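Structural description and commentary
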Amino acid sequence: MGFLYRKLVRRLLFNFNPELMHDAAIKSARAMQHVGPLSAMVRFLARAKDFPVTVAGMKFRNPVGLAAGFDKNCEAARFLAGLGFGFLELGTVTLRPQPGNPRPRLFRLRENKAIINRMGFNNAGAWDAARSLEKLLPLPIPVGISVGKNADCSMEDASRNYLETLKVMYSYGDYFAVNISSPNTLQLRTLHSGEKLRRLVEPMLDFASGQKKAKPFFVKIAPDLEERDLESAAALAVEMGFGLIATNTTVSRSAVPAYWKSYEGGLSGTPLRALSNEVLGRTVVLVKGKVPVMGSGGISDGASALEKLKLGADLVQIYSGLIYEGPFLVKEILEYLDRHHWHPSHR
Ligand SMILES: Cc1cc2nc3c(=O)[nH]c(=O)nc-3n(C[C@H](O)[C@H](O)[C@H](O)COP(=O)(O)O)c2cc1C
């Protein structure tokens with residue numbers, strides 16, 4: 001199936017504008033998830049061996065998840081779950097709807113199997129996402145919800161803005177990802193530094209601990225951090241008990257031709273792999289197994305997924321790989337793990 005996608009479908013889709021194609025894919029998935037026989041066929045084609053893992057108290061049928069940003073409005077979750085993922089991270093959702101940055105804002109770097117995006121948290125807002133999930137839940141796999149900050153909200157009000165988003169979304173997620181690492185919202189990445197991160201996360205953890213069920217939190221970090229920011233984020237994660245997701249997209253262009261330097265935004269896909277793995281490895285060492293770590297960045301096949309699991313990731317996530325390798329990538333990864341006799345206890 002992956003072969004067919006790469007030879008035929010990708011060739012066709014890549015003739016069109018990337019954002020238009022993405023929107024069309026989400027719209028089709030949204031429609032298909034309500035057609036029983038179609039969804040059943042997709043589930044059948046994508047089925048693979050289970051690799052059950054338990055992370056942060058949640059049970060996953062396998063460790064391969066969808067990364068945030070693919071389904072920003074949480075509208076195609078049921079279809080996406082049928083592609084064999086172990087979990088979905090939906091969003092990033094902001095409190096109020098916002099249009100994001102001006103277009104064009106999504107670029108394919110075909111030769112490098114990469115993407116540059118400066119979407120800027122375009123989304124329909126938390127209430128809309130909640131309404132969508134109301135219709136789609138429950139799903140057979142855990143759902144994470146990524147929360148972010150509205151672009152027009154000042155950094156002083158960031159903490160309140162995140163908290164309000166969390167409150168709207170709380171009953172719909174199995175875990176929450178706090179996105180402080182998008183390069184496309186002004187100053188967002190300054191939230192990595194020690195005290196700022198504490199002031200951001202503390203109210204959310206307090207809110208969660210006051211609910212019937214205290215759900216797990218993960219903070220998604222950038223691959224372009226200063227060592228001291230990574231150290232303080234890891235120390236805080238251990239102290240406060242949240243997990244980390246390493247990493248988001250990079251602002252570096254050192255792994256792609258110089259031509260792309262003039263394109264602002266976050267780079268993802270194959271050229272992010274080495275940098276992201278380096279940060280993942282350092283993160284795993286810093287947290288010493290005391291909190292869970294997810295790996296995201298540059299997974300395009302079984303080998304690149306296994307690499308992150310061997311570096312100590314409890315779970316991994318994919319985005320750009322889906323665009324280049326197609327919707328059956330999860331199955332291909334799981335088959336590779338099986339052929340290489342990977343077992344969750346190897347982590
Ligand atoms: C078009 C696009 C939009 C994205 N939007 C988000 C987002 O809203 N929130 C987020 O946390 N990450 C977002 N990401 C980052 C991905 O979740 C992922 O961490 C990153 O792309 C690295 O993984 P990859 O190399 O498998 O794509 C986005 C990535 C792309 C390509």
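The coordinates are above.
Residues numbered from 1 in each chain as written. Predicted model: local features only at pLDDT ≥ 70, side-chain atom pairs only at ≥ 80, totals over all residues. Heavy atoms only, no water.

1. Some thoughts on the overall build of the protein
Looking only at helices and strands, the protein features 12 helices and 13 strands. A compact globule built from 347 residues should have a C-alpha radius of gyration of about 20 Å, and the protein, at 18 Å, falls within 12% of that. Within the protein, the proportion of its 347 residues that are buried is 58%. In the protein, once contacts between residues fewer than 6 apart in sequence are set aside, the share between residues at least 24 apart is 73%. Of the roughly 15,000 Å² of accessible surface on the protein, a fraction of 56% belongs to carbon and sulfur atoms. One finds the centroid of the 45 positive side-chain charges in the protein at a distance of 5 Å from the centroid of its 32 negative side-chain charges. (Helix = DSSP H or I, 4+ residues; strand = E, 2+ residues; numbered from the N terminus. Rg over C-alpha atoms; globule rule 2.2 N^0.38 Å. Buried < 20%, exposed > 50% of the residue type's maximum accessible area, 1.4 Å probe, protein only. Contact = heavy atoms within 4.5 Å. Areas by Shrake-Rupley, 256 points an atom, 1.4 Å probe, with all protein chains shown as cover. Lys, Arg positive; Asp, Glu negative; His and termini not counted. Charge placed at Lys NZ, Arg CZ, Asp CG, Glu CD.)

2. A word on the packing of aromatic side chains
Under the defined criterion, the tally for this structure stands at 13 aromatic pairs. Each ring, one from Phe107 and one from Tyr263, has its centre 4.9 Å from the other, and the planes form 80°; the classification is edge-to-face. Pair noted here: Phe107 is in strand E5 (residues 106-109) and Tyr263 is in the loop between strand E10 (243-246) and strand E11 (266-269), with a separation of 156 residues, a long-range link. The exposure class of Phe107 is buried, given its relative accessible area of 12%. On the numbers, 5.3 Å between centres and 70° between planes, the contact of Tyr175 with Phe218 is edge-to-face. Pair noted here: Tyr175 is in strand E8 (residues 175-179) and Phe218 is in strand E9 (residues 217-221), with a separation of 43 residues, a long-range link. The structure contains a cluster of three or more aromatic residues connected by ring pairs, namely Phe60, Phe87, Tyr175 and Phe218. In this structure, Arg47 packs its charged tip against the face of Phe44, placed 4.1 Å from the ring centre. (Phe/Tyr/Trp six-rings, centres within 6.5 Å; stacked < 30°, edge-to-face > 60°. Lys NZ or Arg CZ within 6 Å of the ring centre and 35° of its normal.)

3. Regarding the side chain of Gln98
Considering the arrangement of structural elements, one finds Gln98 in the loop between strand E4 (87-93) and E5. Within the local environment of Gln98, its side chain forms a polar contact with the backbone oxygen of Phe121, the two atoms lying 3.0 Å apart. Setting aside residues no more than four positions away along its own chain, Gln98 makes contact with Gly120, Phe121, Asn122, Asn123, Lys149, Asn150 and Ala151. (Polar contact = N/O pair within 3.5 Å; in protein donor to acceptor, adjacent residues only side chain to side chain.)

4. So, the environment of Glu202
Structurally, Glu202 can be placed in helix H7 (residues 194-209). Judged by its relative accessible area of 35%, Glu202 falls in the partly exposed class. Taking the C-alpha atoms as reference points, Glu202 and Ala303, separated by 101 residues in sequence, lie 37 Å from one another.

5. Brief notes about the packing of helix H6 (residues 158-169) against H7
For the pair H6 and H7, interaxial distance at closest approach is 9 Å and the crossing angle is 30°. When the interaxial angle is binned, H6 and H7 end up roughly parallel. Taken as a pair, H6 and H7 cross one another with a handedness that is right-handed. Of the residues in H7, those touching H6 at Ala158, Ser159, Tyr162, Leu163, Leu166 and Lys167 are Arg199, Leu200, Pro203, Met204 and Phe207. Along the lines of polarity and charge, the residues of the contact of H6 with H7 split into 8 nonpolar, 1 polar and 2 charged. (Axes fitted to C-alpha atoms, helices over the stretch in contact; angles between N-to-C directions. Parallel < 35°, antiparallel > 145°, perpendicular 65-115°, else oblique. Left-handed = near helix turned anticlockwise from the far one by under 90°. Nonpolar A, V, L, I, M, F, W, Y, C, P; charged D, E, K, R; others polar.)

6. Observations concerning the site of the ligand
Surveying the vicinity of the ligand reveals 22 residues, the closest of which are Ala68, Thr92, Ser296, Gly298 and Ser320. In the environment of the ligand, an oxygen atom lies 2.6 Å from a nitrogen or oxygen atom belonging to the backbone of Ala68. In this structure, Gly298 approaches the ligand through a main-chain N or O atom, which is 2.7 Å from an oxygen atom. A total of 600 Å² of accessible area belongs to the ligand in isolation, and the protein chains cover 98% of it. Listed by contribution, the elements that provide at least two residues to the shell around the ligand are strand E6 (114-117) and E11. For the shell around the ligand, the residue count by class is 7 nonpolar, 13 polar and 2 charged. (Near = heavy atom within 4 Å.)

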